[in-house]
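# Coordinate analysis (summary)
Each chain is listed here by its residues.
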Amino acid sequence: MELEENIPVNEEGRREIEKKKKKLLEEKELGGVKTLPFIISNEISEKFATEGFHGNMITYLTLELNLPLVKASNILTNFNGLAGFTPLVGALIADSFSGRFWMIIAGSSLYVLGLASLILSAILPGLRPPHCPTQENCKEASDLQLWVLYTSLLLTSLGLGGIRPCVVTFAADQLGMSKNEVESRSWNFFNWYFFSLETAGLLALTFVFYVQDHVGWGWGLGIPTIAMALSIIVFIIGSPYYKKQKPEGSPLVRLAQVIAAALHKRKAIAPADSGLLYQNKELDATISSNGRLLHTNQYKWFDKAAIVTVADKSDSNPPNLWRVSTVHRVEELKSIIRMLPIWASGILPIIAYSHQGSFSIQQARTMDRSISPSLKIPPATMSIFQILSILIGLLLYERLFVPFARRFTRIPSGITTLQRMGIGYAINVFGTLIAAMVEMKRRGVATNHNLLGKPTAIIPISVFWLVPQYWIHGMALAFVNVGRIEFFYDQSPESMRSTSTSFFWIAVALGNYAGTLMVSLIHDYTGKGGGRNWIPNRNLNSGRLEYYYLFVSGLQVVNMMYYLICTKFYIYKALEEVSEGITEGRAAELPTDKKTPSKSMAEW
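One structure accompanies this document, and this report is about it. These figures come from a predicted structure and were not determined experimentally.

## As for the pairing of strand 5 (residues 459–462)
The two faces of strand 5 differ: Ile459 and Ile461 on one face are buried, but Pro460 and Ser462 on the other face are not. Direction of pairing for strand 2 (residues 367–368) relative to strand 5: parallel, over a ladder of two bridges. Bridge assignment links Asp368 to a residue of strand 5, and that residue is Ser462.

Below is the structure:
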């Protein structure tokens, strides 16, 4: 906001100036590090609830609802997939109409309703089938009992759609993420953001899972629900201190306007000098407060949308954005298109994780989990080693790797986000290869002790053989997940950051759906003709799960090659940043007069 120069110098004018000065000071005092505890507490509670809710859900589905392994696994991956698509809807609503603050409240409320409905399923005997400890000839959950489950999972998926794309961007907005602001901080927001989330996940694995296995599912699901409800209250208490960016209309409409304008002028020839393309600083002010996007030579066909034709010059004010777009709006579309190949590379690696919460837990259930004669590790608690790996990896990355790499690269972040993701993808390949070797070892021991035909038998092999695969997958996530979120936030147009951040979750969704399809096809195909089924429903010992892991490893190698090709041709967005009155970058702009209304098309 700027003080108006034409306010009369009288008592009323002075009051108006003082009022504007006061408002400017109030806006400067909003946001900052002081707001993070209120905001991050919501995301920490969501992570705590999600880990406590979903992390051990395969146990609930197979032992409490008596569902076959493949069916239970596919239910989880399907709803995980849905929870990956709903963030796009929530982000579009937040960026277009409601704003991030209200979307976070709405999503959190739906999530609490979903958790509460699942508690009813866990505590009311009529909403689950009879207990079946032998896991043979079990009565599966009825259609009514499954619909209660589906309703709960649907509500939580919708709730996550409002939380996931908005909390991280809302928190980053409070700090300011311009180039100068990021470089002035000695810490990386996204590293510490994920560190706090994984700490919450660690608490869920060590505490909530114990309650679920030893106290009951009522309290095991009730504790995360209470935590999530309290986080909504804390988030609302911090409301007076937040920066709340006003939504400026649907970003999809702006992208559609650029495409429509380019199609309308498809026969027009763009000028050789990009400075002659249409720019309007006042028109773009609300969607480029951190700086306008500069013209790039990539995807030049869309530059046709910014050509000023004779018909445009005779048009009335304001300009018809379905016929002519500013360079900034054209570059918004280009930025999204540039990110799509990088985004697509994140789908296949999700398959490696999509069944980590089901197959690995089932493996752990068949292994010796004893720490002492009276103490056994709950199978789902093995994920603690993955979370510990992420936490340690983030600390080492932030405090050791970045300062070391900075000496050679001269990059404040040590390495680029693209390099960070590539390292994570490479580590992930080794994780699934090790998972295959551990499964060979587990089945070998079962064979030697004649336990292949006994689904409930405990194989005399320590469950800690699974630690390496959990640990390596965790190290990969420390690189990949943080790198992807930071990449989408940094490279997306300013007004589309919630929408772009939702790309992360859409990749998760597609990866989960691909995992569901792949597991179903492998299960059906390998079970035909009397052959040994790679992924049997009831007896994991009679399968060949290691073949599945090797197959996934091969897919990831192919994906790694694709990713390297994408990064070779990727061009980072060019931004004109304004800092302390100095414009950084270069952007040609046609003359405008700030003291008069926007000029008509004929005056350009």
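## Digging into a nonpolar patch on the surface
Nonpolar side chains collect at one region of the surface, where Val215, Trp219, Ile226, Leu230, Ile233 and Ile237 lie side by side and expose about 650 Å² of accessible area between them. Following the sequence through the fold, Ile237 ends up in helix 9 (residues 217–237). Owing to a relative accessible area of 52%, Ile237 belongs among the exposed residues under this scheme.

## So, unusual backbone geometry
The phi dihedral of Arg410 is positive, around 60 degrees, even though this residue is not glycine. Among the structural elements, Arg410 can be located in the loop between helix 16 (384–409) and helix 17 (417–448). Unusually for a residue other than glycine, Asn450 sits at a positive phi of about 55 degrees. By secondary structure assignment, the location of Asn450 is in the loop between helix 17 and strand 5.

## Brief notes about the nonpolar core
Ranked by internal contacts, the top residues of the largest apolar core, which has 117 residues, are Leu61, Phe189 and Tyr548. For this core, the element with the most residues is helix 6 (residues 143–175), which contributes twelve residues. Apart from the residues within four sequence positions on either side, Leu61 is in contact with Asn66, Leu67, Ala72, Ile75, Leu76 and Leu149. Ranked by size, the runner-up nonpolar core spans 15 residues in total, among them Met382, Val438, Leu451 and Ile461.

## Quick word on the packing of aromatic side chains
Counting across every chain of the model gives 27 aromatic pairs. The interplanar angle of 90 degrees and the centroid separation of 5.6 Å between the aromatic rings of Phe359 and Tyr548 together place this pair among those described as edge-to-face. Taken together, the positions of Phe359 in helix 15 (residues 359–365) and Tyr548 in helix 20 (residues 545–569) put the pair 189 residues apart, joining distant regions of the chain. We note that Phe359, like Tyr548, is buried. An aromatic cluster is present here, built from Phe101, Trp102, Phe170, Phe235 and Tyr242 joined pairwise through their rings. Above the face of the Trp505 ring, Arg164 is positioned so that its terminal group lies 4.0 Å from the ring centre. Taking NZ or CZ as reference, Arg420 lies 3.7 Å from the ring centre of Tyr397, over its face.

## A word on the packing of helix 8 (residues 189–214) against helix 9
Axis separation between helix 8 and helix 9 bottoms out at 6 Å; the angle between their running directions is 155 degrees. Taken together, the axes of helix 8 and helix 9 are roughly antiparallel relative to one another. The crossing of helix 8 and helix 9 is left-handed. Facing Phe207, Val208, Val211 and Gln212 of helix 8, the residues of helix 9 in contact are Trp217, Trp219, Gly220, Leu221, Ile223 and Pro224. Looking at the contact of helix 8 with helix 9 residue by residue, the class counts come to eight nonpolar, two polar and no charged.

## Some points on the packing of helix 16 against helix 18 (residues 467–491)
Where helix 16 meets helix 18, the axes come as close as 7 Å, and the angle between the chain directions of the two elements is 45 degrees. On the basis of the axis angle, helix 16 is oblique to helix 18. Between helix 16 and helix 18 the crossing geometry is right-handed. Contacts between helix 16 and helix 18 involve Phe385, Gln386, Leu388, Ser389, Ile390, Ile392, Gly393, Leu394 and Tyr397 from the first element and Val467, Tyr470, Trp471, His473, Gly474, Met475, Leu477, Ala478, Phe479 and Val482 from the second. Class assignment for the residues of the contact of helix 16 with helix 18 results in 14 nonpolar, five polar and no charged.

Basis of the calculations
Residues numbered from 1 in each chain as written. Predicted model: local features only at pLDDT ≥ 70, side-chain atom pairs only at ≥ 80, totals over all residues. Heavy atoms only, no water. Buried < 20%, exposed > 50% of the residue type's maximum accessible area, 1.4 Å probe, protein only. Helix = DSSP H or I, 4+ residues; strand = E, 2+ residues; numbered from the N terminus. Pairing = 2+ DSSP bridges. Patch = residues over 30% accessible without salt bridge, like charges linked within 9 Å, V, L, I, M, F, W, Y side chains within 5 Å. Areas by Shrake-Rupley, 256 points an atom, 1.4 Å probe, with all protein chains shown as cover. Salt bridge = Lys/Arg side-chain N within 4 Å of Asp/Glu carboxyl O. Core = buried A, V, L, I, M, F, W, Y, C linked by side-chain atoms within 4.5 Å. Contact = heavy atoms within 4.5 Å. Phe/Tyr/Trp six-rings, centres within 6.5 Å; stacked < 30°, edge-to-face > 60°. Lys NZ or Arg CZ within 6 Å of the ring centre and 35° of its normal. Axes fitted to C-alpha atoms, helices over the stretch in contact; angles between N-to-C directions. Parallel < 35°, antiparallel > 145°, perpendicular 65-115°, else oblique. Left-handed = near helix turned anticlockwise from the far one by under 90°. Nonpolar A, V, L, I, M, F, W, Y, C, P; charged D, E, K, R; others polar.

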